[in-house]
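One-letter residues, chain by chain:
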Amino acid sequence: MIPKSHPRYESLMTRELIVKGVEKGITSIHGLIAQGRGEAFDYLIGEKTTESALKAEKVAAAALLLAKKPIISVNGNVAALVPKKIIKLSEIVDAPLEVNLFHRTEERVNKIIQHLRSLGAKNLCTKSDALLPGIEHERGKVDSDGIFRADVVLVPLEDGDRCEALVDMGKTVIAIDLNPLSRTAQGASITIVDNITRAVPNISKFAEELKNSKKDALLGLVDEFDNRKNLADAVNEIAAHLASYQY
Ligand code: PTJ
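Residues numbered from 1 in each chain as written. Predicted model: local features only at pLDDT ≥ 70, side-chain atom pairs only at ≥ 80, totals over all residues. Heavy atoms only, no water.

1. Description of the environment of Ala-80
Mapping Ala-80 onto the fold places it in helix α4 (residues 76–81). Residue classification places Ala-80 among the buried residues on the basis of a relative accessible area of 12%. Along the chain, Ala-80 and Arg-117 lie 37 residues apart, while their C-alpha atoms are 14 Å from each other. Once residues lying within four places of it in the same chain are set aside, the contact partners of Ala-80 are Leu-17, Ile-18, Gly-21, Ile-26 and Thr-27. (Helix = DSSP H or I, 4+ residues; strand = E, 2+ residues; numbered from the N terminus. Buried < 20%, exposed > 50% of the residue type's maximum accessible area, 1.4 Å probe, protein only. Contact = heavy atoms within 4.5 Å.)

Quick look at the structure:
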(Lines give C-alpha, C1' and ligand atoms only; values in the text may rest on other atoms or scores of the structure.)
Protein backbone atom coordinates (compact mmCIF):
# COMPACT_ATOMS: atom_id res chain seq x y z
CA MET A 1 0.00 0.00 0.00
CA ILE A 2 1.50 3.30 -1.13
CA PRO A 3 0.55 6.22 1.18
CA LYS A 4 -0.92 9.28 -0.59
CA SER A 5 1.64 11.45 1.17
CA HIS A 6 4.49 9.71 -0.69
CA PRO A 7 6.25 12.35 -2.85
CA ARG A 8 6.18 9.98 -5.86
CA TYR A 9 2.61 8.76 -5.25
CA GLU A 10 1.29 9.38 -8.80
CA SER A 11 4.26 7.74 -10.48
CA LEU A 12 4.22 4.72 -8.13
CA MET A 13 0.47 4.23 -8.61
CA THR A 14 0.93 4.25 -12.38
CA ARG A 15 3.65 1.63 -12.03
CA GLU A 16 1.27 -0.40 -9.88
CA LEU A 17 -1.32 -0.39 -12.70
CA ILE A 18 1.23 -1.95 -15.06
CA VAL A 19 2.17 -4.59 -12.46
CA LYS A 20 -1.54 -5.42 -11.99
CA GLY A 21 -1.92 -5.58 -15.79
CA VAL A 22 0.86 -8.19 -15.95
CA GLU A 23 -0.70 -10.17 -13.07
CA LYS A 24 -4.09 -10.18 -14.84
CA GLY A 25 -2.51 -11.35 -18.11
CA ILE A 26 -3.44 -8.13 -19.94
CA THR A 27 0.02 -6.56 -20.10
CA SER A 28 3.09 -8.26 -21.49
CA ILE A 29 6.09 -8.78 -19.19
CA HIS A 30 7.94 -6.52 -21.66
CA GLY A 31 5.43 -3.84 -20.71
CA LEU A 32 7.32 -3.42 -17.42
CA ILE A 33 10.46 -2.48 -19.35
CA ALA A 34 8.53 -0.09 -21.58
CA GLN A 35 7.06 1.54 -18.46
CA GLY A 36 10.56 1.99 -16.99
CA ARG A 37 11.80 3.63 -20.19
CA GLY A 38 8.76 5.87 -20.22
CA GLU A 39 9.25 6.87 -16.56
CA ALA A 40 12.85 7.86 -17.25
CA PHE A 41 11.83 10.16 -20.11
CA ASP A 42 8.93 11.57 -18.11
CA TYR A 43 11.44 12.52 -15.38
CA LEU A 44 13.55 14.39 -17.94
CA ILE A 45 10.46 16.13 -19.29
CA GLY A 46 9.44 17.21 -15.76
CA GLU A 47 6.36 14.94 -15.51
CA LYS A 48 4.15 17.59 -17.08
CA THR A 49 2.52 18.28 -20.42
CA THR A 50 4.85 20.61 -22.31
CA GLU A 51 3.83 23.31 -24.81
CA SER A 52 4.86 21.15 -27.76
CA ALA A 53 2.85 18.19 -26.42
CA LEU A 54 -0.22 20.35 -25.92
CA LYS A 55 0.07 21.61 -29.49
CA ALA A 56 0.34 18.04 -30.86
CA GLU A 57 -2.62 16.93 -28.70
CA LYS A 58 -4.81 19.67 -30.21
CA VAL A 59 -3.74 18.77 -33.76
CA ALA A 60 -4.35 15.08 -33.00
CA ALA A 61 -7.89 15.89 -31.88
CA ALA A 62 -8.47 17.84 -35.10
CA ALA A 63 -7.09 14.98 -37.23
CA LEU A 64 -9.30 12.43 -35.46
CA LEU A 65 -12.39 14.63 -35.93
CA LEU A 66 -11.58 15.13 -39.63
CA ALA A 67 -10.96 11.42 -40.27
CA LYS A 68 -13.35 9.42 -42.41
CA LYS A 69 -12.28 6.17 -40.75
CA PRO A 70 -10.35 6.80 -37.52
CA ILE A 71 -9.17 3.99 -35.24
CA ILE A 72 -7.47 3.74 -31.86
CA SER A 73 -4.94 0.94 -31.36
CA VAL A 74 -4.80 -0.57 -27.87
CA ASN A 75 -1.91 -2.63 -26.49
CA GLY A 76 -1.25 -4.21 -23.10
CA ASN A 77 0.16 -1.06 -21.52
CA VAL A 78 -2.67 1.15 -22.77
CA ALA A 79 -5.26 -1.34 -21.50
CA ALA A 80 -3.65 -1.33 -18.04
CA LEU A 81 -2.96 2.41 -17.73
CA VAL A 82 -5.90 4.23 -19.33
CA PRO A 83 -8.73 1.82 -20.21
CA LYS A 84 -11.60 4.13 -19.24
CA LYS A 85 -9.94 7.23 -20.70
CA ILE A 86 -9.31 5.52 -24.04
CA ILE A 87 -12.95 4.31 -24.18
CA LYS A 88 -14.09 7.89 -23.53
CA LEU A 89 -11.86 9.25 -26.32
CA SER A 90 -13.16 6.54 -28.66
CA GLU A 91 -16.71 7.71 -27.97
CA ILE A 92 -15.97 11.44 -28.35
CA VAL A 93 -14.24 11.11 -31.74
CA ASP A 94 -16.32 8.11 -32.85
CA ALA A 95 -13.27 5.92 -33.45
CA PRO A 96 -13.39 2.17 -32.73
CA LEU A 97 -10.81 0.50 -30.51
CA GLU A 98 -8.68 -2.31 -31.95
CA VAL A 99 -6.43 -4.49 -29.81
CA ASN A 100 -3.12 -4.71 -31.65
CA LEU A 101 -0.20 -6.34 -29.88
CA PHE A 102 3.52 -6.41 -30.43
CA HIS A 103 3.98 -9.62 -28.38
CA ARG A 104 0.76 -11.07 -29.74
CA THR A 105 -1.05 -14.04 -28.25
CA GLU A 106 -4.73 -14.74 -28.92
CA GLU A 107 -5.23 -15.27 -25.19
CA ARG A 108 -4.01 -11.76 -24.33
CA VAL A 109 -5.95 -10.17 -27.22
CA ASN A 110 -9.15 -11.77 -25.89
CA LYS A 111 -8.40 -10.79 -22.30
CA ILE A 112 -7.91 -7.15 -23.32
CA ILE A 113 -11.15 -7.18 -25.37
CA GLN A 114 -13.03 -8.60 -22.35
CA HIS A 115 -11.37 -6.03 -20.07
CA LEU A 116 -12.45 -3.14 -22.35
CA ARG A 117 -15.97 -4.55 -22.73
CA SER A 118 -16.33 -4.96 -18.96
CA LEU A 119 -15.56 -1.24 -18.65
CA GLY A 120 -18.23 -0.29 -21.19
CA ALA A 121 -16.45 -0.33 -24.57
CA LYS A 122 -18.97 -1.00 -27.34
CA ASN A 123 -17.16 0.08 -30.48
CA LEU A 124 -14.44 -2.54 -31.02
CA CYS A 125 -12.82 -4.03 -34.14
CA THR A 126 -12.02 -7.62 -33.24
CA LYS A 127 -11.09 -9.45 -36.44
CA SER A 128 -7.50 -10.34 -37.32
CA ASP A 129 -8.01 -11.12 -41.01
CA ALA A 130 -5.49 -8.78 -42.64
CA LEU A 131 -1.72 -8.26 -42.49
CA LEU A 132 0.24 -5.02 -42.48
CA PRO A 133 2.56 -5.19 -45.52
CA GLY A 134 6.19 -5.78 -44.56
CA ILE A 135 5.50 -6.81 -40.97
CA GLU A 136 6.19 -10.36 -39.90
CA HIS A 137 3.07 -12.48 -39.39
CA GLU A 138 1.88 -12.23 -35.74
CA ARG A 139 2.89 -8.59 -35.22
CA GLY A 140 1.28 -7.58 -38.50
CA LYS A 141 -2.20 -9.03 -37.87
CA VAL A 142 -4.97 -6.41 -38.01
CA ASP A 143 -8.70 -6.09 -38.69
CA SER A 144 -9.48 -5.52 -42.40
CA ASP A 145 -12.27 -3.11 -41.38
CA GLY A 146 -10.19 -1.50 -38.63
CA ILE A 147 -6.52 -0.52 -38.70
CA PHE A 148 -6.08 -1.93 -42.21
CA ARG A 149 -8.64 0.39 -43.78
CA ALA A 150 -8.39 3.37 -41.42
CA ASP A 151 -7.19 6.77 -42.67
CA VAL A 152 -6.14 8.07 -39.23
CA VAL A 153 -4.63 5.74 -36.60
CA LEU A 154 -3.85 6.65 -33.00
CA VAL A 155 -1.04 4.39 -31.81
CA PRO A 156 0.02 4.93 -28.22
CA LEU A 157 3.36 3.25 -27.37
CA GLU A 158 3.86 1.78 -30.83
CA ASP A 159 6.95 0.07 -32.21
CA GLY A 160 8.94 1.71 -34.99
CA ASP A 161 8.39 -0.94 -37.69
CA ARG A 162 4.63 -0.91 -37.45
CA CYS A 163 4.52 2.88 -37.29
CA GLU A 164 6.59 2.97 -40.49
CA ALA A 165 4.35 0.35 -42.16
CA LEU A 166 1.21 2.38 -41.32
CA VAL A 167 2.78 5.60 -42.67
CA ASP A 168 3.84 3.71 -45.82
CA MET A 169 0.21 2.66 -46.31
CA GLY A 170 -0.65 6.38 -46.57
CA LYS A 171 -2.28 6.72 -43.16
CA THR A 172 -2.02 9.67 -40.80
CA VAL A 173 -0.32 8.14 -37.76
CA ILE A 174 -0.69 9.83 -34.37
CA ALA A 175 1.87 8.46 -31.90
CA ILE A 176 2.05 8.97 -28.14
CA ASP A 177 5.60 8.33 -26.99
CA LEU A 178 7.57 9.87 -24.13
CA ASN A 179 10.81 9.32 -26.05
CA PRO A 180 11.08 12.02 -28.74
CA LEU A 181 14.05 10.17 -30.29
CA SER A 182 12.35 6.79 -30.80
CA ARG A 183 11.80 5.55 -34.36
CA THR A 184 8.05 5.75 -33.73
CA ALA A 185 8.27 9.37 -32.57
CA GLN A 186 10.48 10.26 -35.53
CA GLY A 187 8.38 8.38 -38.09
CA ALA A 188 4.81 9.33 -37.11
CA SER A 189 2.77 12.08 -38.76
CA ILE A 190 1.79 13.69 -35.44
CA THR A 191 3.92 12.83 -32.40
CA ILE A 192 2.73 13.56 -28.88
CA VAL A 193 5.69 13.49 -26.47
CA ASP A 194 3.69 13.09 -23.28
CA ASN A 195 2.65 10.40 -20.83
CA ILE A 196 -0.36 8.51 -22.11
CA THR A 197 -2.04 9.15 -18.75
CA ARG A 198 -2.01 12.91 -19.52
CA ALA A 199 -2.19 12.79 -23.32
CA VAL A 200 -5.43 10.83 -23.73
CA PRO A 201 -7.58 13.11 -21.51
CA ASN A 202 -6.01 16.16 -23.16
CA ILE A 203 -6.92 14.90 -26.66
CA SER A 204 -10.48 14.24 -25.41
CA LYS A 205 -10.72 17.75 -23.98
CA PHE A 206 -9.55 19.31 -27.27
CA ALA A 207 -11.89 17.06 -29.28
CA GLU A 208 -14.83 18.24 -27.18
CA GLU A 209 -13.80 21.87 -27.68
CA LEU A 210 -13.25 21.46 -31.44
CA LYS A 211 -16.22 19.22 -32.18
CA ASN A 212 -18.40 22.02 -33.54
CA SER A 213 -15.60 23.84 -35.38
CA LYS A 214 -15.77 24.36 -39.14
CA LYS A 215 -13.94 21.80 -41.27
CA ASP A 216 -11.66 24.53 -42.66
CA ALA A 217 -10.55 25.50 -39.16
CA LEU A 218 -9.66 21.88 -38.36
CA LEU A 219 -7.86 21.48 -41.70
CA GLY A 220 -5.91 24.65 -40.93
CA LEU A 221 -4.70 23.21 -37.61
CA VAL A 222 -3.53 19.97 -39.25
CA ASP A 223 -1.95 21.63 -42.31
CA GLU A 224 0.00 24.18 -40.29
CA PHE A 225 1.48 21.52 -38.02
CA ASP A 226 5.15 20.66 -38.63
CA ASN A 227 6.00 17.42 -36.81
CA ARG A 228 9.77 17.75 -37.22
CA LYS A 229 9.73 21.25 -35.77
CA ASN A 230 7.46 20.16 -32.94
CA LEU A 231 9.82 17.26 -32.11
CA ALA A 232 12.76 19.69 -32.05
CA ASP A 233 10.73 21.87 -29.66
CA ALA A 234 10.10 18.81 -27.46
CA VAL A 235 13.85 18.08 -27.25
CA ASN A 236 14.58 21.76 -26.52
CA GLU A 237 11.98 21.74 -23.74
CA ILE A 238 13.74 18.75 -22.14
CA ALA A 239 17.10 20.54 -22.43
CA ALA A 240 15.61 23.71 -20.86
CA HIS A 241 14.11 21.67 -18.04
CA LEU A 242 17.48 20.05 -17.30
CA ALA A 243 19.26 23.42 -17.51
CA SER A 244 16.85 24.83 -14.90
CA TYR A 245 18.34 22.54 -12.22
CA GLN A 246 20.85 24.14 -9.84
CA TYR A 247 23.91 21.92 -9.39
O1 PTJ B 1 1.19 -5.18 -25.32
P2 PTJ B 1 2.17 -5.32 -26.44
O3 PTJ B 1 2.57 -6.74 -26.70
O4 PTJ B 1 1.68 -4.68 -27.72
O5 PTJ B 1 3.52 -4.57 -26.04
C6 PTJ B 1 3.51 -3.20 -25.75
C7 PTJ B 1 4.93 -2.69 -25.46
C8 PTJ B 1 4.80 -1.23 -25.01
C9 PTJ B 1 5.55 -3.53 -24.36
C10 PTJ B 1 5.77 -2.83 -26.75
O11 PTJ B 1 5.17 -2.11 -27.80
C12 PTJ B 1 7.20 -2.38 -26.53
O13 PTJ B 1 8.08 -3.16 -26.22
O14 PTJ B 1 7.39 -1.07 -26.68
P15 PTJ B 1 8.84 -0.37 -26.56
O16 PTJ B 1 9.65 -0.70 -27.77
O17 PTJ B 1 9.42 -0.62 -25.21
O18 PTJ B 1 8.46 1.15 -26.70
C19 PTJ B 1 7.60 1.75 -25.81
C20 PTJ B 1 7.78 3.27 -25.97
O21 PTJ B 1 6.72 3.86 -25.23
C22 PTJ B 1 9.10 3.79 -25.39
O23 PTJ B 1 9.66 4.77 -26.25
C24 PTJ B 1 8.69 4.45 -24.06
O25 PTJ B 1 9.47 5.59 -23.77
C26 PTJ B 1 7.26 4.84 -24.35
N27 PTJ B 1 6.41 4.83 -23.16
C28 PTJ B 1 6.43 3.97 -22.11
N29 PTJ B 1 5.48 4.26 -21.21
C30 PTJ B 1 4.82 5.34 -21.70
C31 PTJ B 1 5.42 5.71 -22.95
N32 PTJ B 1 4.96 6.74 -23.68
C33 PTJ B 1 3.91 7.42 -23.18
N34 PTJ B 1 3.30 7.14 -22.00
C35 PTJ B 1 3.73 6.10 -21.24
N36 PTJ B 1 3.14 5.81 -20.07
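2. So, the sheet that holds strand β2 (residues 97–99)
In space, the 6 strands of this open sheet follow the order β3-β2-β1-β6-β7-β8, with parallel pairing throughout. Each edge of the open sheet is held by one strand with a lone partner, namely β3 (124–125) and β8 (190–192). As judged from the 3 bridges shared by strand β1 (residues 70–74) and β2, these two strands associate in the parallel manner. Bridged to Val-74 within β2 is Val-99. Relative to the sheet, helix α3 (residues 51–66) contacts β1, β6 (152–156), β7 (172–176) and β8, its axis offset from that of β8 by approximately 130°. (Pairing = 2+ DSSP bridges. Axes fitted to C-alpha atoms, helices over the stretch in contact; angles between N-to-C directions.)

3. A short note on the pattern of salt bridges
Applying the stated rule across the entire model yields 20 salt bridges. Salt-bridge contacts for Asp-145 lead to Lys-127; the nearest nitrogen and oxygen are separated by 2.6 Å. In this pair, Asp-145 sits in the loop between β5 (141–142) and β6 while Lys-127 sits in the loop between β3 and β4 (130–131), placing the two residues 18 residues apart along the sequence. Among the salt bridges present, the one from Glu-136 reaches Arg-139, with a minimum N-O distance of 3.5 Å. Connected through salt bridges with shared partners, the residues Glu-136, Arg-139, Glu-158, Asp-159, Asp-161, Arg-162, Glu-164 and Arg-183 form a single ionic network. (Salt bridge = Lys/Arg side-chain N within 4 Å of Asp/Glu carboxyl O.)

4. Describing the environment of Glu-158
With respect to the helices and strands, Glu-158 occurs in the loop between β6 and α8 (160–168). Take Glu-158: its relative accessible area is 8%, and that puts it in the buried class. The spacing of Glu-158 and Ala-188 is 30 residues in sequence and 9.9 Å in space, taken between C-alpha atoms. For Glu-158, the contacting residues outside a window of four places in its chain are Asn-100, Cys-163, Leu-166 and Thr-184. Separated by 2.7 Å, the side chains of Glu-158 and Arg-162 make a polar contact. (Polar contact = N/O pair within 3.5 Å; in protein donor to acceptor, adjacent residues only side chain to side chain.)

5. Examining the packing of helix α2 (residues 30–45) against helix α12 (residues 227–243)
In contact at an axis separation of 8 Å, α2 and α12 are set at 70° when each is read in the N-to-C sense. By the criterion of interaxial angle, the relationship of α2 to α12 is roughly perpendicular. Here Tyr-43, Leu-44 and Ile-45 of α2 lie close against α12, whose contacting residues are Ile-238, His-241 and Leu-242. (Parallel < 35°, antiparallel > 145°, perpendicular 65-115°, else oblique.)

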